[in-house]
Amino acid sequence: MQNNTTTESTGTGTHMNMLKVLTPFHVWALGVGIVLVGEFMGWNFSVAKGGAYGALIACWVIGLLYSCVAMIDSEVTSTVAAAGGQYTQAKHIVGPLMAFNVGLYLVMAYTMLEAADALIVGDLMTAMAATFGHEGLDPKPFVVLTIAFLAWLNYRGVFTTLSLNFVITIIAFASILVLFVAVEPTNPGAVLQHEGLLTDLPYGWIGVVASLQFGMWYYLGIEGTCQAAEEVRSAGRSIPLGTMGGMMTLLIAATLTWYICTGLLPWQYLGQAFTPLYDAASILGNTKLQVLLFVATMFAAIASANGCINDAARAWFSMGRDSYMPSFFGAIHPKYRTPYRAIIFLVPIAVSFAFTGLLDQVITFSILSGLLGYTFMSLNVIKFRKMWPLGSIHRGYVHPFHPLPAYTLLALCSTTYFATFLGYGSSLLSILAFYIVASIWFTVRRYKFVKRGEQFTMSWPRPKGF
Amino acid sequence: MNIWDMLSYAAWVAAGLFLLWIVVDAIKVSLTYDEDLLMSSREGLDELDPDQAQSHAVENSHAK
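- Under the annotation held in an unreviewed UniProt entry, chain A carries the name Amino acid permease/ SLC12A domain-containing protein and is attributed to marine sediment metagenome.
- Recorded under Subcellular location (unreviewed entry), the UniProt text for chain A is reproduced unchanged: "Membrane".

Following this line, the structure appears as C-alpha cells:
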C-alpha cells in the first residue's frame, strides 16, 4: 500500500484530516445557500393557513426561533471544532443515544431537502420547456444531473463547493433586492397595493398558529453552518460570524419577500403559488426581471442542494468516524480531503427520495427532522453551560441572556409541533415512530460497535461534577 | 428529436459521467491507500488547542 505524502505526524500518529480552508464568507454561503430557496417558494403556504398578516407573524416568530438556534449553535460550535455539527455536540454533552438520533435527524433533514431541491430544478426545467412550447418534458434527467454534478463538486473539495455557493447565493439574494427596488417601495400604491390586498386574519389566531410550520421555510437549514467547523480557519471566530451574518441576511430577505409578494398578489392566490417571487416579477410585465427571478430561483435551489450534500455527508462521516454507523464511512479522501465515501453513499438515497416525486412529504419529513434537532439544542445548551460553565473552556462566542434563548426556543418548538400536528398529524406521528424504531435498533444492534472512549479527542477539561 | 429531447439525453449522459468518475476514483483510492490512513482523521484540530493546531498547520502547508 502506498502511503500518502500530504500527511504529517501530529505527535500521536499519522492523521488524514480535512483541510482548514474556509472563511466566514463560506460559512455564510453554506447557511444562507441552504435556506434561501425557502424565500423563492414554500414560505407562502403559511399565507394559505393564516392570511398575509398571519404569514408575517409566522415570519418573525419563527425568525425568533431561528435567532435562538443561531446564537446557541454559535456558542457551542465555537468550542467544538469538529464536523458533525449538532451530532458532535450531542455526543460530547448528552450521550450516545441522543447523538445517534441527532445525527440521523441531520442526515435525513439534509438528504430530503437536497432531494426536494433537485425536484425543484427538474420542475423548473419542465416549466421552461413548456414556456417554449414543449409540453411534458421529463424532469428526471435534470433531477439526477443536479444531484450527480453537485456530488462530484463536493467530492472534489469543500473550497470550490462553497465558493460556488457564495456566488450563486449572492446572485439569488441580489435578485430579491432588485425586485424590491423595482416595486417602488417609497411610493406606496404606485406598484404595491397593500391597502387593497391586505385583509384581517381569515382564520383567526388558530390560523396564525397553523402557519408557523410553513414559516420555517424562511430559515430552515441555517444551523447547517456548524458542519463547516472542522474545515474553517479559526472556527471560534468564523462560525459565529458566518452564522449570525447569515441569520441577519435571512431576516431581511424574508421580510422583503413577504412585503413584495403581499403587495402584488392576493392572499388566496399567494397561498397556493409554486413560485411566488417569480410570479410577483411576472405580473410587473418586465421580461428582464422575469428572467432574473427565474435564474435566481434555479440558483437558490442548486445552492440549497449543494449545501445539503455538504452537510449530510459530514454528519454521516462523523457518525462513521465514531462507529455510530459503519466506520467505512469515516474515510477522508487523501487528495481532496473530503468525506468521499459518505458523499457517494448518500447519492442513491437522495435520488430515491427525489424519484418519489412527493415534494410535500419529503419537505415535511425534512422540516420535522429539523424541528426535533432544535428541540434537542435548547436542552443541550442548558446542560452545556452546567457542565462547562463560562471560563472553564475557551469560547469564541458567548450568547447573551442565557437561559432565556434556550427556554424561548423550547417554547417555540413546542408551539410549532402543535402547528404541525394541526396540518400534518399523521406525518408527525410516522416520523416519531421512525426515530423510535431507529433508536431501538441503535441500542440493541449498533451501540456495541461505538468507540466509547476513542470518540472523544477534544482536549476539553473534565466537566463540572464528573 | 427536438432540442429538449436532446437536452434530456445529454443530462442523463452527463449525470452518468459525473457518477462514474467519483465511483472509479473512490475505488482507485481504496486500492492505493492504506485503510487505516484513510480513516485516521481526528476531530478538534483548531487554534483552541495550540499543540494540535501547530502540527495541523504543517499538514496544510504540505498539502498545498
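Having seen the structure, we can now continue with the description.
1. Brief notes about the overall build of chain B
Stage number 1. Across its full length, chain B carries 3 helices and 0 strands.
Stage number 2. For chain B, the N- to C-terminal ordering of α and β elements is α-α-α.
Stage number 3. Put simply, chain B has 64 residues, and 39% of those count as buried.

2. What about the overall build of chain A?
Stage number 1. Along chain A, the regular secondary structure elements total 16 helices and 0 strands.
Stage number 2. The globule rule puts the C-alpha radius of gyration for 466 residues at 23 Å, and the 22 Å found for chain A is close to it.
Stage number 3. Expressed along its principal axes, the backbone C-alpha trace of chain A runs to roughly 70 × 45 × 40 Å.
Stage number 4. Within the span of chain A, comprising 466 residues, buried residues form 62% of the whole.

3. Regarding the UniProt feature "domain: Amino acid permease/ SLC12A" (unreviewed entry) in chain A
Stage number 1. Annotation from UniProt places "domain: Amino acid permease/ SLC12A" (unreviewed entry) at residues 33-426 of chain A.
Stage number 2. A distance of 30 Å separates the end C-alpha atoms of residues 33-426 of chain A, which is 73% helix and 0% strand.

4. Some details on helix α6 (residues 140-155) of chain A
Residue and element names in this part refer to chain A.
Stage number 1. Here α6 spans 22 Å end to end across 16 residues, near enough to the 22 Å set by a 1.5 Å rise per residue.
Stage number 2. Most of α6 is tucked away: 12 of the 16 residues are buried.
Stage number 3. Those residues of α6 that fall on the buried side of the exposure criterion are Pro141, Phe142, Val143, Val144, Thr146, Ile147, Ala148, Leu150, Ala151, Leu153, Asn154 and Tyr155.
Stage number 4. Directly beyond the C-terminal end of α6, a positive phi value near 140° is found at Gly157.

5. Details of the environment of Gly33 of chain A
Residue and element names in this part refer to chain A.
Stage number 1. Along the chain, Gly33 turns up in helix α1 (residues 24-35).
Stage number 2. Residue class for Gly33 comes out buried when judged on its relative accessible area of 1%.
Stage number 3. Between the C-alpha atom of Gly33 and that of Thr169, which follows or precedes it by 136 residues, the distance is 5.4 Å.
Stage number 4. Discounting chain neighbours no more than four positions away, the residues touching Gly33 are Trp28, Asn165, Thr169, Ala300, Ala303 and Ser304.

6. Some remarks on the nonpolar core
Stage number 1. Core analysis: the biggest nonpolar cluster contains 175 residues, and Phe40, Leu65, Tyr66, Tyr219, Tyr374 and Leu409 of chain A have the highest contact counts within it.
Stage number 2. Ignoring anything within four residues of it in the chain, the contact list for Leu65 of chain A reads Tyr374, Leu409, Leu412, Cys413 and Thr416 of chain A.

Thresholds, definitions, all that
Residues numbered from 1 in each chain as written. Chains lettered and ligands numbered in written order. Predicted model: local features only at pLDDT ≥ 70, side-chain atom pairs only at ≥ 80, totals over all residues. Heavy atoms only, no water. UniProt positions renumbered as here; feature names shortened; annotations may be inferred. Helix = DSSP H or I, 4+ residues; strand = E, 2+ residues; numbered from the N terminus. Buried < 20%, exposed > 50% of the residue type's maximum accessible area, 1.4 Å probe, protein only. Rg over C-alpha atoms; globule rule 2.2 N^0.38 Å. Expected span 1.5 Å × (residues − 1). Contact = heavy atoms within 4.5 Å. Core = buried A, V, L, I, M, F, W, Y, C linked by side-chain atoms within 4.5 Å.

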